[in-house]
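Report on the structure
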Amino acid sequence: MSNDCYSTETYNMEETMDFANKLAGNASPGSLYCLVGDLGCGKTVFAKGFAEGLGVSECVNSPTFTIMQTYSGMIMPFYHFDVYRISDVSEMYELGYEEYFFGDGVCLVEWADLIEELIPSDAIHIHIEKDIDKGFDYRKITVRGGGRA
Ligand code: ADP
Ligand code: MG
């Protein structure tokens, strides 16, 4: 897998979903996508578009009451994590996260920086940033690894 780093800019949520949708085309079983960025920057929006790209037909929302939500994609499962509320990485062990991170599907982790020590070195990193000077709905999305959308 290539380890290049590049950025794209979006000006509304549809563009972010579209970009994520296309990027999902490069995913394979065992791929892990780490999403990092402030609250409200668009991680869940990205996850929705990404799920669409995997052929998930259900509506993807933030897994508020659980750390992880499973969806079935067209050719492999999609595991959507949001680790914002975990107080300790031991909760990830209780969940049996390894079965998902090193499993048969694609994982996407919102707030992945909070569980940094559990992230394998070949993970794909996605950083979403706002820049208010460029508009309220502007986002810069930087991808490291994972190929081009
Ligand atoms: P997070 O999961 O990072 O906390 P959400 O995805 O839940 O954030 O929310 C992002 C919010 O920002 C949504 O209300 C969305 O409509 C809005 N938004 C505005 N512009 C964009 C954009 N370019 N990309 C993604 N979301 C955007
Ligand atoms: Mg979210």
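One structure accompanies this document, and this report is about it. If you're wondering where the values come from, they're calculated on a predicted model, not measured in any experiment. (Residues numbered from 1 in each chain as written. Chains lettered and ligands numbered in written order. Predicted model: local features only at pLDDT ≥ 70, side-chain atom pairs only at ≥ 80, totals over all residues. Heavy atoms only, no water.)

A look at helix α2 (residues 43-53)
Residues spaced three or four apart along an α-helix face the same direction, because each turn holds 3.6 residues. Most of α2 is tucked away: 8 of the 11 residues are buried. Every buried residue of α2 is listed here: K43, T44, V45, F46, A47, G49, F50 and A51. Backbone geometry just downstream of α2 places G55 in the positive-phi region, at approximately 80°. (Buried < 20%, exposed > 50% of the residue type's maximum accessible area, 1.4 Å probe, protein only. Helix = DSSP H or I, 4+ residues; strand = E, 2+ residues; numbered from the N terminus.)

Concerning helix α1 (residues 13-23)
For α1, the complete set of buried residues consists of T16, M17, F19, A20 and L23. Looking straight down α1, one finds that the buried residues subtend no more than 160° of arc, so they occupy a single side. Where α1 is buried, its residues meet β1 (5-10), β2 (32-36), α2, β6 (124-130) and β7 (139-144). (Arc of directions from axis to C-beta. Contact = heavy atoms within 4.5 Å.)

Description of the pattern of salt bridges
Under the counting rule described, the total for this entry stands at 3 salt bridges. Residues R148 and D4 are paired through a salt bridge, measuring 3.6 Å at the closest nitrogen-oxygen approach. Placement of the pair is R148 in the segment after β7 and D4 in the segment before β1, with a sequence separation of 144 residues. Exposure remark for R148: the relative accessible area of 52% places this residue in the exposed category. Of the charged contacts, one joins K22 and D18 as a salt bridge, the two residues approaching to 3.1 Å between their closest N and O atoms. (Salt bridge = Lys/Arg side-chain N within 4 Å of Asp/Glu carboxyl O.)

By themselves these figures say nothing about function.
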